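Reading the structure
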Amino acid sequence: MEKTEPKIEAEWLTILGPEFEKPYFTELKSFLLEEKKLYRIYPPGNRIFAAFDYTPFSKVKVVVLGQDPYHGDGQAHGLCFSVPDGISLPPSLVNIYKELNTDLGVPVPKSGNLEKWAKQGVLLLNATLTVRANQAGSHQRRGWENFTDEVIRQLSARHSGLVFILWGSYAQAKEALIDTSKHFVLKAVHPSPLSVYRGFFGCRHFSKTNELLVQAGKEPVDWNLV
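Keep in mind that this is a model prediction, so the values were computed, not measured.

**Quick notes on the pattern of salt bridges**
Counted according to the given criterion, the structure contains ten salt bridges. One salt bridge connects Asp 103 with Arg 204, and the closest N-O pair in it is separated by 3.3 Å. With Asp 103 in helix α4 (residues 91-104) and Arg 204 in the loop between β6 (184-188) and α8 (205-215), the pair connects residues that are 101 residues apart, well separated along the chain. The class for Asp 103 is buried, based on a relative accessible area of 11%. Note that Glu 150 is salt-bridged to Arg 153, the shortest N-O span being 3.1 Å. On the criterion of helical spacing, the pair formed by Glu 150 and Arg 153 is a turn pair, its members being three residues apart in helix α6 (residues 144-158).

**Points about the pairing of strand β2 (residues 62-66)**
Of all five residues making up β2, five are buried, and the element is well covered by its neighbours. Pairing of β2 with strand β3 (residues 122-126), which is carried by five bridges, proceeds in the parallel orientation. Residue Val 64 lies in a different strand from β3, and its bridge partner there is Leu 124.

**Side note on the sheet that holds strand β5 (residues 163-167)**
Spatially, the four strands line up as an open sheet ordered β3-β2-β5-β6, and their pairing is parallel. Both edges of this open sheet fall to β3 and β6, since each of them pairs with a single strand only. For this sheet, the mean inter-axis angle between neighbouring strands, taken without regard to orientation, is 20 degrees. Of the strands in this sheet, β2, β5 and β6 touch α8, which is tilted by about 175 degrees from β6.

**Side note on the packing of aromatic side chains**
Taken as a whole and judged by the stated rule, the model has 21 aromatic pairs. Ring centres of Phe 49 and Phe 147 lie 5.9 Å apart, and the angle between their planes is 65 degrees; this geometry places the pair in the edge-to-face category. One end of the pair, Phe 49, is in the loop between β1 (41-42) and α3 (50-54); the other, Phe 147, is in helix α6, with 98 residues separating them in the sequence. Both residues of the pair, Phe 49 and Phe 147, count as buried. Here Phe 206 and Trp 223 contribute two aromatic rings whose centre-to-centre distance is 5.0 Å and whose plane-to-plane angle is 75 degrees, an arrangement assigned as edge-to-face.

**Considerations on α6**
For α6, which comprises 15 residues, the first-to-last C-alpha distance of 21 Å matches the rise-based estimate of 21 Å (1.5 Å per residue) to within 8%. With eleven of 15 residues buried, α6 is to be regarded as a mostly interior element.

**Considering helix α1 (residues 10-20)**
Those residues of α1 that sit buried are Trp 12, Ile 15, Leu 16, Gly 17, Glu 19 and Phe 20. On its buried side, α1 packs onto α2 (23-38), α3, β3 and α6. By the N-cap criterion, in which a side-chain oxygen at the helix start approaches the backbone nitrogen of a residue two or three places on, α1 is capped by Glu 9, the distance to Glu 11 being 3.1 Å.

**Re the environment of Phe 57**
Structurally, Phe 57 is set in the loop between α3 and β2. For Phe 57, a relative accessible area of 8% corresponds to the buried category. Sequence separation of Phe 57 and Arg 158 is 101 residues, and the distance between their C-alpha atoms is 9.6 Å. Ignoring anything within four residues of it in the chain, the contact list for Phe 57 reads Glu 9, Glu 11, Trp 12, Ile 15, Gln 154, Leu 155, Arg 158 and His 159.

**Considering the packing of α1 against α6**
Running from amino to carboxyl end, α1 crosses α6 at an angle of 140 degrees, the nearest separation of the two axes being 11 Å. Put simply, α1 runs oblique to α6. Relative to α6, the crossing made by α1 is right-handed. In contact with Trp 12, Ile 15, Leu 16, Glu 19 and Phe 20 of α1, α6 contributes Asn 146, Phe 147, Glu 150, Val 151, Gln 154, Leu 155 and Arg 158. Tallied by class, the residues present in the contact of α1 with α6 amount to seven nonpolar, two polar and three charged.

**Section: unusual backbone geometry**
Looking along the chain, the bond that leaves Tyr 42 and enters Pro 43 is cis, with omega of -10 degrees. The phi dihedral of Arg 204 falls on the positive side, at around 55 degrees, and the residue is not glycine.

Definitions and limits used
- Residues numbered from 1 in each chain as written.
- Predicted model: local features only at pLDDT ≥ 70, side-chain atom pairs only at ≥ 80, totals over all residues.
- Heavy atoms only, no water.
- Salt bridge = Lys/Arg side-chain N within 4 Å of Asp/Glu carboxyl O.
- Helix = DSSP H or I, 4+ residues; strand = E, 2+ residues; numbered from the N terminus.
- Buried < 20%, exposed > 50% of the residue type's maximum accessible area, 1.4 Å probe, protein only.
- Pairing = 2+ DSSP bridges.
- Axes fitted to C-alpha atoms, helices over the stretch in contact; angles between N-to-C directions.
- Contact = heavy atoms within 4.5 Å.
- Phe/Tyr/Trp six-rings, centres within 6.5 Å; stacked < 30°, edge-to-face > 60°.
- Expected span 1.5 Å × (residues − 1).
- Polar contact = N/O pair within 3.5 Å; in protein donor to acceptor, adjacent residues only side chain to side chain.
- Parallel < 35°, antiparallel > 145°, perpendicular 65-115°, else oblique.
- Left-handed = near helix turned anticlockwise from the far one by under 90°.
- Nonpolar A, V, L, I, M, F, W, Y, C, P; charged D, E, K, R; others polar.

In short, shape yes, function no, at least from these values alone.
Here you go:
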């Protein structure tokens, strides 16, 4: 990341601009510049803020919160749980697709690319926006969480009737940032193979999200990716 202002969608830049001036973000940029000299970092620089680019602030209807980007070669592309076309589906995404199929009867996609959801107002936000190749969680607690917590606060404060989908204990801890008197929160265990049978399968979060959106006077999401 250069010393210029980060390249992020215009609406988000207006809202989040003050964050880029704070000491933690300056430290984060320095850390990332050093990391890039020594390691491969995912996702590519032009995809770090992809979630914001695909889903402008005013268009957000649903927020899906992930933890940090995939750390395998070619997997991360700036949208939580999503992988680019042509990349094998990670286990958590396989399980998300299984639940989607059970819930709504839509066919299971061959591609893991979730851009279609993002373009409909589903903010696919990781709490940490970068990672070192092959080292899960390697960029946690370096400042990204300060930034993404502020994203959640701003969405909570300036919107109403959003659906926040929190899978797993890490995501559920972020509920403290959400005004639940004017937003909806759906919670389940994480879709990873380690926990999926403890309540992710059968959560029906896709149909529930659409019911809540309609209740709030918003357009439902077309979850079908095929």
